[in-house]
Amino acid sequence: MCPTILPYSANSCLRAGNRRFSSKKCRGKLPIRAEVLTVAPKKKEQSKIHELSVQGIAHTHQRVREVVWRQTHVTNDCYRKPSFDPMFLDEAYELCRKICAEYAKTFYLGTKLMTPERQKAIWAIYVWCRRTDELVDGPNADYMNNTVLDGWEERLEDIFNCRPYDILDSALTDTISNFPLDIKPFKDMIEGMRMDTRKSRYANFQELYMYCYCVAGTVGLMSVPVMGIAPESPVSAQSVYNSALHLGIGNQLTNILRDVGEDALRGRVYLPQDELAQYGLCDEDVFSRKITNQWREFMKEQISRARFYFNLAEEGASHLNKASRWPVWSSLILYRKILDAIEENDYDNLTKRAYVGRAKKLVTLPVSYARALSVPSLAIQ
């Protein structure tokens, strides 16, 4: 399956040369019932969940360090800026703006405080991420396979080499020339889509964490160079990137908890199998769509973990450039309200979808705006 392409080609409007690199930067089948425990875990055992939230996930740390190094040691002078017709480029970014405004209304409104250049770049990144996600979760997802994803990755490489395929690709190509973006987070997101084509169960949190990193944590790594770090921030760039990563992890864990029932209808269980077993649960309990005390206790711990990551993300949100903080705080507050809604539904996320109404969303805007005005501190290490 290929993404929806606009009904005209951008090729006649482009005059882009190859990109020059510097040495400095150069989601099934019915499940087999698992072995389960007959009682819920004790408090001492429950604490292990949070230990796993900070331990056993070192396999992403090196990736993040590499991306941070590349994105903080490259200048725009390393690349030849693509030559686009100005009117064509304006149209490309306007299309990105419209897509973001339609599908991510609260986030879009949060971008309005950014400088025009940063706004356009964030819209372009959002659109590429959305198109990538649509490959697996869109209307033609049943036709998805690795060949399509391989083609999408080749297309990504073309974007980074100033050879965009269509008008939306062109917006991202221009963004790459204006901000120090590395290709690795984009490729890792495509790898997350590959995981969805071959994997519908996760044995433990370490595996699930890696999935969350690929499909959501990467967005944080893409966004920091555009949003910028506050000049007055006393913390390291690595700390700010870590917080951005944690926000992505928290957001994806929240998406998973909100969508458990919908995913189950597709034969998918994005929950740690070993932790389900600790509560005497297995896939069949998810597919039965019955809310039991074991399920409620299990969900309490999963919600607690998502909040743990949001707390980590909050520590770095105020270290972003002041004009870029509003959409980040909006995301933090809105996603926390999704977790609140699951609790308000008595942990029934099997037959109900946690929903944050328009009024509640609107309330988050002034609150998040106030938080965006906060002064950076020495809170994170």
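Treat the numbers as computed from the prediction; the structure is a model and nothing was measured.

> Describe the packing of aromatic side chains, with residues and values.
Using the criterion set out here, one finds 14 aromatic pairs in the structure. With a centroid separation of 6.4 Å and 35 degrees between ring planes, the pair formed by Phe 205 and Tyr 309 is classed as tilted. One end of the pair, Phe 205, is in helix H9 (residues 205-227); the other, Tyr 309, is in helix H14 (residues 293-317), with 104 residues separating them in the sequence. Following the ring pairs from residue to residue traces out a cluster consisting of Trp 128, Trp 152, Phe 160 and Phe 186. Just above the ring of Tyr 103 sits the side chain of Arg 130; from NZ or CZ to the centre is 3.6 Å. If you follow Arg 305 out to its NZ or CZ, it ends over the ring of Phe 205, 3.7 Å from the centre.

> Residues and numbers for the confidence of the model for the chain, please.
Here the chain averages 82 in pLDDT, and 81% of its residues register 70 or above. In the predicted structure, residues 1-56 sits below a pLDDT of 50 and forms 132 contacts with residues beyond four places in sequence or in another chain.

> Tell me about a nonpolar patch on the surface, and name the residues and values.
Together, Leu 113, Tyr 369 and Leu 373 make up a nonpolar patch on the protein surface, roughly 250 Å² of accessible area in all. With respect to the helices and strands, the residue Tyr 369 is situated in helix H16 (residues 358-372). Of the residues examined, Tyr 369 reaches a relative accessible area of 34% and is grouped as partly exposed.

> Describe the packing of helix H3 (residues 86-103) against helix H5 (residues 116-137), with residues and values.
Following both chains from N to C, one finds H3 and H5 inclined at 65 degrees, their axes separated by 8 Å at the closest point. Looking at the two axes, H3 sits roughly perpendicular to H5. Between H3 and H5 lies a crossing of left-handed hand. The residues of H5 that touch H3, namely those facing Tyr 93, Cys 96, Arg 97, Ile 99, Cys 100 and Tyr 103, are Lys 120, Ala 121, Trp 123, Ala 124, Tyr 126, Val 127 and Arg 130. Residues that form the contact of H3 with H5 fall into these classes: 10 nonpolar, no polar and 3 charged.

> Now, about the state of the cysteines: what can you tell me, with residues and values included?
Scanning the entire structure with this criterion turns up 0 disulfides. Left unpaired, Cys 100 is separated from the closest cysteine sulfur, that of Cys 96, by 9.0 Å.

> Describe helix H8 (residues 184-198), naming the residues involved and giving the relevant values.
Side chains that are three or four residues apart share a direction in an α-helix, a result of its 3.6 residues per turn. Between its first and last C-alpha atoms H8 spans 21 Å; for 15 residues at 1.5 Å apiece the expected length is 21 Å, and the two agree. Pro 185, Phe 186, Asp 188, Met 189, Ile 190, Gly 192, Met 193, Arg 194, Met 195 and Asp 196 are the residues of H8 that are buried. As for H8, its buried residues are in contact with helix H2 (61-72), H5, helix H6 (146-160), helix H7 (167-178) and H9.

Rules used throughout
- Residues numbered from 1 in each chain as written.
- Predicted model: local features only at pLDDT ≥ 70, side-chain atom pairs only at ≥ 80, totals over all residues.
- Heavy atoms only, no water.
- Phe/Tyr/Trp six-rings, centres within 6.5 Å; stacked < 30°, edge-to-face > 60°.
- Helix = DSSP H or I, 4+ residues; strand = E, 2+ residues; numbered from the N terminus.
- Lys NZ or Arg CZ within 6 Å of the ring centre and 35° of its normal.
- pLDDT = per-residue confidence, 0-100.
- Contact = heavy atoms within 4.5 Å.
- Patch = residues over 30% accessible without salt bridge, like charges linked within 9 Å, V, L, I, M, F, W, Y side chains within 5 Å.
- Areas by Shrake-Rupley, 256 points an atom, 1.4 Å probe, with all protein chains shown as cover.
- Salt bridge = Lys/Arg side-chain N within 4 Å of Asp/Glu carboxyl O.
- Buried < 20%, exposed > 50% of the residue type's maximum accessible area, 1.4 Å probe, protein only.
- Axes fitted to C-alpha atoms, helices over the stretch in contact; angles between N-to-C directions.
- Parallel < 35°, antiparallel > 145°, perpendicular 65-115°, else oblique.
- Left-handed = near helix turned anticlockwise from the far one by under 90°.
- Nonpolar A, V, L, I, M, F, W, Y, C, P; charged D, E, K, R; others polar.
- Disulfide = S-S within 2.5 Å.
- Expected span 1.5 Å × (residues − 1).

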